[in-house]
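Letter by letter, the chains look like this.
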Amino acid sequence: MKEKDTAAYVLPKLLPIFLLLGLFPFGFYTIYHLNYGEMDIGLISLANFILTSVILVQNYFKKELTWQLDALVVSTSCFLIYCCYFLGIKGLFFVFPLITVIFFYYSVRTAIFASSLLASLVVLASFHSMEANIAARVAFPLVMTIVISYLYSSTITRHRDALTLEVNLDYLTGIYNRRNINAWLSQQLKEVDEHALLALYFIDIDDFKRVNDSYGHGVGDGLLVLISKRLAGVTDEITSASFALQSKVGRLAGDEFVVVVSGIAQESEVSIFANKLLNKFKNPLIVENTKIDVHVSIGVALTQDHLMSPDTLLHYADIAMFEAKKQGKNRIGFFNQFIANKVNHKNQISLAIKESLDNNLFYLHFMPIYDVTATKIVGAEALIRNDKPELVAVGPEDYIKIAEEYGLITEIDLFVIESCFKHMQLLIPELDQQPFILAINISSVELKNEKFPDKIEQLANQYKIPPSMIEFEITETSLVDHGYKSIKLLQRIKAMGYKLSLDDFGTGYTAFNQLQHFPVDTLKIDKSFIWAIGPNYTNEELMIDVILSLAKLYKLNVIAEGVEKPHQLDYLKRLGCSQYQGYLLSKPLSWEAFTELLNINQHE
């Protein structure tokens, strides 16, 4: 059916009602006039009755209606004109509902013309069977019906247009939104042929959060508007250079934009267009008298395959953009076979993680932590392990990152915490009041999870674990990358009685004065600094000296991880490091081997 102003919203639901209501007068007129009245009116009524019935049946079986409804409107109009000619006011009664139907079915402009023509013709026809003054008085309510129907229909149209604008365009910038870009992209992908390329440019503003934090969200919104105009300007330049090219610019969400160019003749042009987009941000943008340097990372994906879906193409470009950011931002990344292989590899790892979670294939090993003398075990760090070949090949450090990327890390975190609590429940009676702390690594994702402290408390109550015996480890980088809310969450966990440690300390470039704001009890010196300790104690150890001095200043416990050489341990002892862990003292052990070592250590 052709597009209507109001029909797209109202007609599909009301059509069966209109048709059923039309059947009754057509049926009545057919029976009455074939038996007692005008034979012509009876036959026309019968024809309309049959046509209405056919349309009603077609509509019931979801068959497409094209000319049938137009034919019914014309047929009904002719029928009413004929009735008014012979019956006068009796025929005029049925003109009013038909005018309403016309406004529901046709566009406003067409409905005004059609209803005005119908009203004029039925009034003129009624002069044959009724006095002119009566016909003129009837004309007034007909005009009022047209006016009221027009006002209602135009109001619905305005609301529809506003809704269409809201659904299809980005509310802030006025460019295409994700929905409309997907729809346009779907159509373009269907038309891609072997002689043309379609390129999708996924554009992310580098460090946009800094703009909002520094200047406020009003300036941030203004910046997004200016960026969208610059991108639209580039697409206009690109398409004006060749009639074969088509392009669209859209905003997906937040500071993520997309530019799509189709009809590209040569692959070399894809890079040219990407550089044009990147170069548009060489000069600062001015928002509310504030000069802001803007840099973008661009991911590019292209296709000649009409079978590729918009979501797949967007995903590929997003991955390429992410790779560009990892390489230093303010640059262009192209989706290629190397990246495709990486994505496929990650997918395989994520499937192995899911299977391991579903089948309980993860287990824990425990790395002993030794006291200041490096002779007595005072705790352990829980380390996740898995024997699936895919996961063994990459190791926990890599597959945990993939779990974070694929949204699987929360389930892993809860598995590790609950497993640790189960083991601690068995160990507590054996400790005989000896000090012992079990360190559990948690993902940076949990720093945004407001339900995380409640889940910890629930598990601790279930297994009757004293919070003072548990220390949660977070990496220094993850803490620095999070804000005030994350620190408040950690303060909440610390208030529950748990200890907190900052893992890999020295790699996240924490400002020393920031430590007073971080609610941590322990610093774990990253193993890279430990491994840098030479046999002759050169200046390479300076960072360790600083960390230990800093820890004493803030009264923090310090654990040196990765101790593998005797001279490393000697140097750390000389500086007064609090605790140690590493292969020199013990490798990670199964629970049975660890508890056996712990019993021996306690009785020495």
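Predicted model, so just to flag it, every value in this text is computed and none were measured.

Visitor: I tried to follow the pattern of salt bridges on my own but got confused; where do I start?
Guide: A side chain with one charge can pair with a side chain of the opposite charge if their charged atoms come near. For the structure on display, the rule yields 16 salt bridges. With a closest N to O distance of 3.5 Å, lysine 326 and glutamate 323 form a salt bridge. Linking lysine 326 with glutamate 323, this pair stays in helix α12 (residues 310–326), spanning 3 residues, or about one helical turn. By relative accessible area, which is 49% here, lysine 326 ends up partly exposed. A salt bridge links glutamate 561 to lysine 524; its shortest N-O distance comes to 3.8 Å. Remark: lysine 524 occurs in strand β14 (residues 522–525) and glutamate 561 occurs in strand β15 (residues 557–561); sequence separation between them is 37 residues. Lysine 524 gets classed as buried once you look at its relative accessible area, which sits at 0%. The network of salt bridges with common partners includes Glu381, Glu473, Lys524 and Glu561.

Visitor: Whenever I open this one, the packing of aromatic side chains confuses me. Can you help?
Guide: Aromatic ring pairs: the centre-centre distance and the angle between the two ring planes describe each pair. Within the structure shown, the criterion is met by 14 aromatic pairs. Between phenylalanine 362 and phenylalanine 415 the ring centres are 6.2 Å apart and the planes differ by 45 degrees, which places this aromatic pair in the tilted class. Of the two residues, phenylalanine 362 sits in the loop between α13 (337–358) and β9 (363–370) while phenylalanine 415 sits in helix α16 (residues 409–431), which places them 53 residues apart along the sequence. Given the relative accessible area of 17%, phenylalanine 415 is considered buried. Here the aromatic rings of phenylalanine 472 and tyrosine 498 are separated by 5.3 Å at their centres, their planes lie at 55 degrees, and the arrangement is tilted. Of this pair, phenylalanine 472 sits in strand β12 (residues 470–475) while tyrosine 498 sits in the loop between α19 (484–495) and β13 (499–505); the two residues are 26 residues apart in sequence, bridging distant segments of the chain. Take phenylalanine 472 and tyrosine 498: they sit in the same class, and that class is buried. The rings of Phe366, Phe436, Trp591 and Phe594 are connected pair by pair, giving a single aromatic cluster.

Visitor: Where do I start with the environment of aspartate 170 in this structure?
Guide: Structurally, aspartate 170 can be placed in the loop between α7 (132–168) and β1 (176–177). Since its relative accessible area comes to 8%, aspartate 170 is described here as buried. Spatially, the C-alpha atom of aspartate 170 lies 52 Å from that of leucine 46, the residues being 124 residues apart in sequence. Once residues lying within four places of it in the same chain are set aside, the contact partners of aspartate 170 are Ile175, Tyr176, Asn177 and Arg251. For aspartate 170, the side chain forms a polar contact with the side chain of arginine 251, separated by 3.0 Å.

Visitor: Sorry, what's going on with the pairing of β12 here?
Guide: Looking along a regular strand, one sees the side chains alternate between the two faces of the sheet. Most of β12 is tucked away, with 5 of its 6 residues classed as buried. Summarising the sheet, strand β11 (residues 437–441) and β12 pair through 4 bridges and their orientation is parallel. Within the sheet, the bridge partner assigned to asparagine 441 lies in β12 and is glutamate 473. Following the chain from β11 across helix α17 (residues 452–463) to the adjacent parallel β12, one finds a crossover that is right-handed. As judged from the 5 bridges shared by β12 and β13, these two strands associate in the parallel manner. Residue pairing in the sheet places threonine 475 in a bridge with aspartate 503 of β13.

Visitor: Would you mind going over the packing of helix α2 (residues 39–60) against helix α3 (residues 67–87) with me for this structure?
Guide: Any two packed helices are characterised by how steeply their axes cross, that is the angle between the axes, and by the distance between the axes. Packing of α2 against α3 leaves a shortest axis separation of 10 Å and a crossing angle of 155 degrees. In terms of orientation, α2 and α3 fall into the roughly antiparallel class. The hand of the α2/α3 crossing is left-handed. Contact residues: α2 offers Asp40, Ile41, Ile44, Ser45, Asn48, Leu51, Thr52, Ile55 and Gln58, while α3 offers Gln68, Leu69, Ala71, Leu72, Ser75, Thr76, Phe79, Tyr82, Cys83, Phe86 and Leu87. Counted by class, the contact of α2 with α3 contains 12 nonpolar, 7 polar and 1 charged residues.

Visitor: Can you walk me through the nonpolar core in this structure?
Guide: Buried together is how nonpolar side chains tend to be arranged in soluble globular proteins. In terms of nonpolar packing, the biggest core is built from 77 residues, with Ile353, Phe421, Phe436, Phe472 and Ile544 touching the most fellow members. Apart from residues lying up to four places away in sequence, phenylalanine 436 is in contact with Ile377, Val378, Gly379, Ala380, Met424, Leu427, Leu431, Met469, Phe594 and Leu598.

Visitor: Explain the confidence of the model for the protein here, please?
Guide: Low pLDDT marks regions whose predicted coordinates should not be analysed in detail. Of all residues in the protein, 91% have pLDDT values of 70 or greater, and the mean over the chain is 85. At the level of individual helices and strands, the protein shows its lowest average pLDDT in helix α18 (residues 476–481), which scores 65, and its highest in β9, which scores 97. The model gives residues 1–10 a pLDDT under 50, and that stretch makes 30 contacts with residues more than four places away or in other chains.

Visitor: What exactly am I supposed to notice about the environment of methionine 543 here?
Guide: On the secondary structure map, methionine 543 appears in helix α21 (residues 542–553). When the C-alpha atoms of methionine 543 and phenylalanine 529 are compared, they prove to be 7.4 Å apart, with 14 residues separating the residues in sequence.

Visitor: Sorry, what's going on with the sheet that holds strand β3 (residues 246–253) here?
Guide: One key point about sheets: their strands pair by backbone hydrogen bonds, in either a parallel or an antiparallel sense. Pairing is mixed across the open sheet formed by 6 strands, whose spatial order is β1-β3-β4-β2-β7-β8. Two strands close off the open sheet at either side, each with one partner strand: β1 and β8 (332–334). Pairing of strand β7 (residues 296–303) with β8 involves 3 bridges; the strand directions are parallel. Each bridged residue has a counterpart across the sheet, and for glycine 299 the counterpart in β8 is glycine 333. Packing of helix α11 (residues 268–279) onto the sheet brings it into contact with β2 (197–205), β4 (256–264), β7 and β8, and relative to β2 it is tilted by some 25 degrees.

Visitor: When you look at a nonpolar patch on the surface in this model, what are you seeing that I'm missing?
Guide: Where nonpolar side chains cluster on the molecular surface, the patch consists of Leu34, Met39, Leu43, Leu46, Phe49, Ile50 and Val54 and spans about 550 Å² of accessible area. With 6 residues, α2 is the largest single contributor of residues to the nonpolar patch. Tracing the backbone through its elements, the reader meets methionine 39 in helix α2.

Calculation rules
- Residues numbered from 1 in each chain as written.
- Predicted model: local features only at pLDDT ≥ 70, side-chain atom pairs only at ≥ 80, totals over all residues.
- Heavy atoms only, no water.
- Salt bridge = Lys/Arg side-chain N within 4 Å of Asp/Glu carboxyl O.
- Helix = DSSP H or I, 4+ residues; strand = E, 2+ residues; numbered from the N terminus.
- Buried < 20%, exposed > 50% of the residue type's maximum accessible area, 1.4 Å probe, protein only.
- Phe/Tyr/Trp six-rings, centres within 6.5 Å; stacked < 30°, edge-to-face > 60°.
- Contact = heavy atoms within 4.5 Å.
- Polar contact = N/O pair within 3.5 Å; in protein donor to acceptor, adjacent residues only side chain to side chain.
- Pairing = 2+ DSSP bridges.
- Right-handed = clockwise from strand over helix to strand, strands pointing away.
- Axes fitted to C-alpha atoms, helices over the stretch in contact; angles between N-to-C directions.
- Parallel < 35°, antiparallel > 145°, perpendicular 65-115°, else oblique.
- Left-handed = near helix turned anticlockwise from the far one by under 90°.
- Nonpolar A, V, L, I, M, F, W, Y, C, P; charged D, E, K, R; others polar.
- Core = buried A, V, L, I, M, F, W, Y, C linked by side-chain atoms within 4.5 Å.
- pLDDT = per-residue confidence, 0-100.
- Patch = residues over 30% accessible without salt bridge, like charges linked within 9 Å, V, L, I, M, F, W, Y side chains within 5 Å.
- Areas by Shrake-Rupley, 256 points an atom, 1.4 Å probe, with all protein chains shown as cover.

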